[in-house]
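Coordinate analysis (summary)
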Amino acid sequence: MDPRYGIPHTVTVTIPFRVAKRGGRKEVQLPLGTNNHSPDYTLIKAVARAYRWRQILKDGDMGTIAELAEHEKISPSYLTRVMRLTLLAPDIIEAILDGNPPSVGMTEFLEPMTPVWAEQGAALSYEGR
């Protein structure tokens, strides 16, 4: 301790966090209740693609998922999994776009999920923030 100021020479700062995988990369996540999240651009891009692909199919520009997948140069299976994002509840989509998504990675979002919006938050361990 510095006798002139009564201040210790060293200070220890503890910051609680965890490391999670998002979009194939590691990300530092702060505890719940903190809003210091950076947007998950991989997830945002996937949501945008899903809605664009849904609109292409709806407009009839492409007749089938297989045709659209061939045009996009991706597998029909991947296209179908990404399009599941269009079934997410509006509050979850809003949280993703605001950079405050549920604490799960892209893999969990692409898995089959209940279409019931009220149940999706619990399935993703997300109760809104």
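Just above, that's the structure.
Quick look at the structure, then. (Residues numbered from 1 in each chain as written. Predicted model: local features only at pLDDT ≥ 70, side-chain atom pairs only at ≥ 80, totals over all residues. Heavy atoms only, no water.)

**Points about the overall build of the chain**
Here is the rule we go by: Where helices and strands are cited, they refer to DSSP runs of H or I of at least four residues and of E of at least two residues respectively, numbered from the N terminus. Areas reported as accessible are Shrake-Rupley estimates using a 1.4 Å probe. Residue values count occlusion only from the protein chains shown.
Helix and strand counts for the chain stand at six helices and two strands. Listing every helix and strand of the chain by position from the N terminus yields β-β-α-α-α-α-α-α. Of the roughly 8600 Å² of accessible surface on the chain, a fraction of 57% belongs to carbon and sulfur atoms.

**Quick look at the pattern of salt bridges**
The line we're drawing: Salt-bridge detection follows one rule: a side-chain nitrogen of Lys or Arg within 4 Å of a carboxyl oxygen of Asp or Glu. Categorising residues by exposure relies on relative accessible area from a 1.4 Å probe, with only protein chains included: less than 20% of the type maximum marks a residue as buried, more than 50% marks it as exposed, and the intermediate range marks it as partly exposed.
Summed over the entire model, instances satisfying the criterion amount to one salt bridge. Here Arg52 makes a salt bridge to Glu72, at a shortest N to O gap of 3.2 Å. Here Arg52 is found in helix α1 (residues 41–59), whereas its partner Glu72 is found in helix α2 (residues 65–72), with 20 residues between them in sequence. By relative accessible area, which is 38% here, Arg52 ends up partly exposed.

**Quick notes on the packing of α1 against helix α3 (residues 76–83)**
Going by this rule: Axis definition: a line fitted to C-alpha atoms, limited for helices to the stretch in contact. Angles are taken between N-to-C directions and run from 0 to 180 degrees. Convention used here: angles under 35 degrees read as roughly parallel, angles over 145 as roughly antiparallel, angles from 65 to 115 as roughly perpendicular, and any remaining angle as oblique. When checking whether two residues touch, look at their non-hydrogen atoms; a contact exists if any pair is within 4.5 Å. The classification used treats Ala, Val, Leu, Ile, Met, Phe, Trp, Tyr, Cys and Pro as nonpolar, Asp, Glu, Lys and Arg as charged, and all other residues, Gly among them, as polar.
Where α1 contacts α3, the axes come no closer than 8 Å and their chain directions differ by 105 degrees. In terms of orientation, α1 and α3 fall into the roughly perpendicular class. Residue-level inspection shows Ala46, Ala50, Trp53, Arg54 and Leu57 of α1 in contact with α3, the latter providing Leu79, Val82 and Met83. Split by residue class, the contact of α1 with α3 holds seven nonpolar, no polar and one charged.

**Remarks on the packing of α1 against helix α4 (residues 90–97)**
This is how it is decided: Handedness of each helix crossing follows the sense of rotation of the near helix against the far helix: counterclockwise by less than a right angle gives left-handed, clockwise gives right-handed.
Where α1 contacts α4, the two axes come as close as 9 Å, and the packing angle between them is 130 degrees. By the angle between their directions, the pair α1 and α4 is classed as oblique. The hand of the α1/α4 crossing is left-handed. Of the residues in α4, those touching α1 at Leu43, Ile44, Val47 and Tyr51 are Ile93, Ile96 and Leu97. A per-class count over the contact of α1 with α4 returns seven nonpolar, no polar and no charged.

**Concerning α1**
An α-helical turn contains 3.6 residues, so a residue and the one three or four places further along point in the same direction. For clarity, the threshold we go by: Under the convention used throughout, the expected extent of a helix is 1.5 Å for every residue step, that is, one less than its residue count.
End to end, α1 covers 27 Å across 19 residues, agreeing with the expected 27 Å (1.5 Å per residue, within 8%). Of all the positions in α1, only Leu43, Ile44, Ala46, Val47, Ala50, Trp53 and Ile56 are classed as buried. Looking at the buried residues of α1, the elements they touch are α2, α3, α4 and α5 (106–109). At the C-terminal side of α1, Gly60 shows a positive phi close to 85 degrees.

**Quick look at the nonpolar core**
As a reminder, the rule being used: Buried Ala, Val, Leu, Ile, Met, Phe, Trp, Tyr and Cys residues form a nonpolar core when they are joined through side-chain atoms within 4.5 Å.
In terms of nonpolar packing, the biggest core is built from 24 residues, with Trp53, Val82, Leu85, Leu88, Ile92, Ile96 and Phe109 touching the most fellow members. Sorting the residues of this core by element identifies α1, α2, α3, α4 and α5 as the ones contributing at least two each. Take this core: its biggest share by element is seven residues, from α1. Contacts of Trp53, omitting those with residues within four sequence positions, involve Leu68, Glu72, Ile74, Leu79, Val82 and Met83.

**Describing the side chain of Asp40**
Here Asp40 is to be found in the loop between β2 (25–29) and α1. With a relative accessible area of 2%, Asp40 lands in the buried category.

Remember, this is a structural readout, not a statement about activity or role.
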